[in-house]
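# Per-entry structural report
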Amino acid sequence: MVVELHQDQNSNMSSQKKELLTNAMKRTSEWIFSQEIPSDVTVHAGGSSFSLHKFPLVSKSGFIRKLVSASSDADLSEIELPDIPGGAEAFEVAAKFCYGINFEISTENIALLRCVAEYLEMTEDYGVGNLVARTEAYINEVALKSLAGAVSILHLSEKYLPLAEKVKLVSRCIDAIAFMACKETQFSISGRSDSGNEGMHSSLTPQPKPIVDWWAEDLTVLRIDIFQRVLGAMMARGFKQYALGPILMLYAQKSLRGLEIFGKGRKKIELQQEHEKRVVLETIVSLLPREKNVLSVSFLSMLLRAAIYLETTVACRLDLEKKMALQLGQAVLDDLLIPSYSFTGDTLFDVDTIQRILMNYVEYQVQGIRMGYQAADDEYVSPPPSDMERVGKLMENYLAEIASDRNLTVARFINLAELIPEQSRITEDGIYRAIDIFLKAHPALSDMEKKKACSLMDCQKLSREACAHAAQNDRLPVQTVVQVLYYEQQRLRDVMNGDSPTIPSKTVYSTDNHNHNPPISDEISSLKRENQDLKLELTKMKMRMKEIENSSGGRSVTASPMLHSPSAADKPPLPRKSIINSVSKKLGRLYPFVRGEGDSFSKARAKPAKDRRHSIS
């Protein structure tokens with residue numbers, strides 16, 4: 001759209017007035033280019049000075065006309081416009097319009113032109129077809145007809161607040177964006193539902209990306225307060241809150257870029273920038289959908305890391321922790337490895353945050369059971385345990401990961417382990433692995449602390465490979481080793497009696513598929529012989545314990561009361577090396593598949609994963 005030097009021939013003004021205006025514009029044009037008529041006023045705007053003429057300025061600008069009229073100096077030669085929106089660039093364009101010089105109106109300069117026209121009062125009261133009317137026509141007929149144009153103008157209007165609010169440029173852009181975004185979303189949803197009825201052929205063709213993608217990217221340029229108003233207007237027009245997820249993810253990824261939230265280095269961000277990003281993050285969290293499974297756990301974990309790093313409000317962090325707890329079954333280990341950003345010698349990872357997340361998860365499970373009973377009239381049907389089993393396995397891996405941290409206390413380790421629901425643990429191998437790593441990383445623990453840590457696992461639920469490893473593990477207390485041996489003997493007795501013991505087949509101690517192993521029934525004869533040997537060793541152990549009790553007054557450790565001897569609880573301790581190792585060797589013979597080419601546990605752990613910590617015997 002081009003502002004012409006002459007007036008529009010199709011205007012409705014009278015021919016006499018049109019002739020006067022045409023002559024005035026012609027005369028103005030001659031003045032500006034004439035060397036014989038010097039400038040009579042200097043305008044200072046935005047740090048620049050413009051030598052101009054009063055007549056063309058006062059003929060279009062009511063603001064300048066009032067300044068000239070109110071001046072006590074009849075020959076006013078200087079005009080100050082220090083707070084003109086857009087500065088020198090904006091005034092230069094407005095002066096061109098006053099002099100009738102052609103220039104182009106576009107979406108890039110329409111916000112600037114509309115605001116400077118309002119500031120200079122270039123309305124129809126001071127000239128037909130003035131700059132206010134011209135810019136309004138362009139906004140209504142061109143700029144707000146496309147979503148991209150409306151977003152661009154809204155973004156540019158941020159520079160000219162609050163004047164852009166006064167002329168309702170911001171509110172009109174927001175309303176136009178909300179209307180077109182809802183229209184586009186409804187179209188994309190109806191298009192996908194229609195294409196779903198086309199049969200198998202349509203499923204074989206690649207589906208287009210959701211339409212929300214292309215316009216959601218445009219919204220990321222907006223300032224956070226304007227962005228929030230746009231989303232509010234969209235929801236007021238019927239846009240579903242759960243559909244805001246992809247938009248919020250795009251905006252968060254762009255606005256929070258550059259934060260060192262994946263390491264433990266000290267902050268390298270300026271205070272002003274930190275404050276701005278904190279406001280952005282807290283606003284995004286307040287806009288997150290309340291529905292479950294709308295956002296990925298990885299995205300929520302990223303927001304939580306940023307919230308801890310930026311030290312947002314406690315309410316913001318607790319809200320994110322609760323949202324993560326709702327979807328904890330979908331998380332992976334890296335989502336929970338949140339660095340501890342304190343520099344007071346604390347743990348490497350933020351254990352307290354993960355403990356609160358797990359507590360929220362357990363609370364949700366309890367609430368779900370209660371609601372299930374109420375809804376089913378006391379005929380509660382438990383949900384499939386797959387989600388809880390995934391959470392149990394995830395937390396066992398997390399315990400094993402943090403166990404090697406020397407700053408992790410026994411109390412924190414136990415408190416976190418005790419929160420893992422027992423029904424989520426098919427085997428105790430994961431807990432045993434975490435305990436083993438913890439004991440290795442903390443060799444100075446007392447016997448009492450070791451007993452407390454080992455009391456977390458149920459030795460009856462250890463797999464064969466875990467039992468074989470535990471029987472030879474010098475880091476475990478003697479009572480735990482004896483307990484493992486007792487339950488293994490009980491398991492063998494059940495096999496010989498024809499019972500089918502529950503022996504987990506998939507454990508953390510087995511990395512190869514033992515498909516070549518014979519079935520249990522084929523091993524009965526050899527197991528009977530080995531069981532006799534084991535009984536003999538246990539008898540020798542009891543005799544040896546009695547001898548030590550009678551002849552030695554040294555350090556004593558009580559044997560496990562679970563041994564089927566009536567006076568087992570009163571027995572003196574066993575020498576850790578000689579007796580236990582001999583029994584362990586016998587126990588090791590019970591599993592020929594473990595002893596093929598060395599201990600399978602040691603073999604499996606010979607090549608640990610690059611990014612994970614493992615206990616090494």
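Residues numbered from 1 in each chain as written. Predicted model: local features only at pLDDT ≥ 70, side-chain atom pairs only at ≥ 80, totals over all residues. Heavy atoms only, no water.

Right, let's talk about the environment of Tyr-99 for a bit. Structurally, Tyr-99 is set in helix α4 (residues 87–99). Its relative accessible area of 3% is what places Tyr-99 among the buried residues. (Helix = DSSP H or I, 4+ residues; strand = E, 2+ residues; numbered from the N terminus. Buried < 20%, exposed > 50% of the residue type's maximum accessible area, 1.4 Å probe, protein only.)

Helix α23 (residues 464–471) packs onto helix α21 (residues 429–441) with a crossing angle of 25° between their chain directions and a minimal axis gap of 10 Å. In terms of axis orientation, α21 runs roughly parallel to α23. Considering the relative orientation of α21 and α23, their crossing is left-handed. Seen from α21, the contacting residues are Asp-429, Tyr-432 and Asp-436; seen from α23, they are Ala-466, His-469 and Ala-470. Across the contact of α21 with α23, the residue classes tally to three nonpolar, one polar and two charged. (Axes fitted to C-alpha atoms, helices over the stretch in contact; angles between N-to-C directions. Parallel < 35°, antiparallel > 145°, perpendicular 65-115°, else oblique. Left-handed = near helix turned anticlockwise from the far one by under 90°. Contact = heavy atoms within 4.5 Å. Nonpolar A, V, L, I, M, F, W, Y, C, P; charged D, E, K, R; others polar.)

Now for the pattern of salt bridges. A complete count under the given rule lists 13 salt bridges for this structure. With a shortest N-O distance of 2.9 Å, Glu-321 and Arg-356 are connected by a salt bridge. Pair noted here: Glu-321 is in helix α16 (residues 314–326) and Arg-356 is in helix α18 (residues 351–375), with a separation of 35 residues, a long-range link. Look at Glu-321 and you get buried, because its relative accessible area is 2%. (Salt bridge = Lys/Arg side-chain N within 4 Å of Asp/Glu carboxyl O.)

With that out of the way, let us pick up the environment of Lys-292. Note on placement: Lys-292 falls in the loop between α14 (271–287) and α15 (297–310). In sequence terms Lys-292 and Met-324 are 32 residues apart; their C-alpha atoms lie 9.7 Å from each other. With near-sequence residues (within four places) excluded, Lys-292 lies in contact with Leu-326 and Gln-327. A polar atom in the side chain of Lys-292 sits 3.4 Å from the backbone oxygen of Leu-326. (Polar contact = N/O pair within 3.5 Å; in protein donor to acceptor, adjacent residues only side chain to side chain.)

One pass over the structure, following the stated rule, counts five aromatic pairs. For the ring pair Phe-50 and Phe-91, a centre distance of 5.2 Å and an interplane angle of 55° mean the geometry is tilted. Linking Phe-50 in strand β2 (residues 48–52) with Phe-91 in helix α4, this pair joins segments that are 41 residues apart in sequence. Both residues of the pair, Phe-50 and Phe-91, belong to the buried class. Taking 4.4 Å as the distance between ring centres and 15° as the angle between the ring planes, the aromatic pair formed by Phe-413 and Phe-438 counts as stacked. Residue Phe-413 is located in helix α20 (residues 410–418), and its partner Phe-438 is located in helix α21; the two are separated by 25 residues in the primary sequence. Each member of the pair Phe-413 and Phe-438 is classed as buried. (Phe/Tyr/Trp six-rings, centres within 6.5 Å; stacked < 30°, edge-to-face > 60°.)

Here we come to the state of the cysteines. The tally for this structure, following the rule as stated, stands at zero disulfides. Free of any disulfide, Cys-459 has its nearest cysteine sulfur in Cys-467, 7.7 Å distant. (Disulfide = S-S within 2.5 Å.)

Here helix α5 (residues 110–119) crosses helix α6 (residues 131–141) at 150°, and the two axes come no closer than 9 Å. In the crossing of α5 with α6, the sense of the turn from one axis to the other is left-handed. For the pair α5 and α6, the contacting residues are Ile-110, Leu-113, Arg-114, Ala-117 and Glu-118 in the first and Leu-131, Val-132, Thr-135, Glu-136, Tyr-138 and Ile-139 in the second. Residue classes in the contact of α5 with α6 are distributed as seven nonpolar, one polar and three charged.

The next point concerns the nonpolar core. Counting residues in hydrophobic clusters, the biggest one holds 153 residues, and the most contacted among them are Phe-91, Ile-247, Leu-288 and Tyr-398. Sort the elements by how many residues they give to this core and α15 lands first, with eleven residues. For Leu-288, the contacting residues outside a window of four places in its chain are Gln-241, Leu-248, Leu-295, Phe-299, Leu-300, Leu-303, Leu-320 and Lys-323. (Core = buried A, V, L, I, M, F, W, Y, C linked by side-chain atoms within 4.5 Å.)

The end-to-end C-alpha distance of α16 is 19 Å, a good match for the 18 Å that 13 residues give at a rise of 1.5 Å each. What α16 keeps buried is the set Cys-316, Leu-320, Glu-321, Lys-323, Met-324 and Ala-325. (Expected span 1.5 Å × (residues − 1).)

On to helix α22 (residues 447–454), then. Of the positions making up α22, those classed as buried are Lys-450, Ala-453 and Cys-454. An end-on view of α22 places all buried positions within 95° of arc, on one side of the element. Contact partners of the buried residues in α22: α20, α21 and α24 (478–496). (Arc of directions from axis to C-beta.)

Turning to the environment of Gly-100, a few remarks are in order. Tracing the chain through its elements places Gly-100 in the loop between α4 and α5. A relative accessible area of 5% means that Gly-100 is categorised as buried. Sequence separation between Gly-100 and Pro-56 is 44 residues; the distance between their C-alpha atoms is 9.0 Å.

This part takes up the sheet that holds β2. Pairing is mixed across the open sheet formed by three strands, whose spatial order is β2-β1-β3. Two strands bound the open sheet, and with one partner strand each, they are β2 and β3 (78–81). Neighbour to neighbour, the strand axes of the sheet diverge by 20° on average, direction disregarded. Across the sheet, α4 lies against β1 (41–45), β2 and β3, angled at about 10° from β2, the strand it touches most. (Pairing = 2+ DSSP bridges.)

Moving on to unusual backbone geometry. The residue after Leu-161, namely Pro-162, is reached through a cis peptide bond having omega 5°. Here Pro-162 shows up in the loop between α7 (147–157) and α8 (163–166). Phi at Lys-168 takes a positive value of approximately 65°, unusual for a residue other than glycine. Here Lys-168 shows up in the loop between α8 and α9 (169–195). Lys-168 sits in the exposed class, given a relative accessible area of 52%.

Here β3 shows a buried face lined by Ile-79 and Leu-81 and an unburied face lined by Glu-78 and Glu-80. Pairing between β1 and β3: four bridges, direction parallel. In the sheet register, Thr-42 faces β3, and the bridge partner there is Glu-78.

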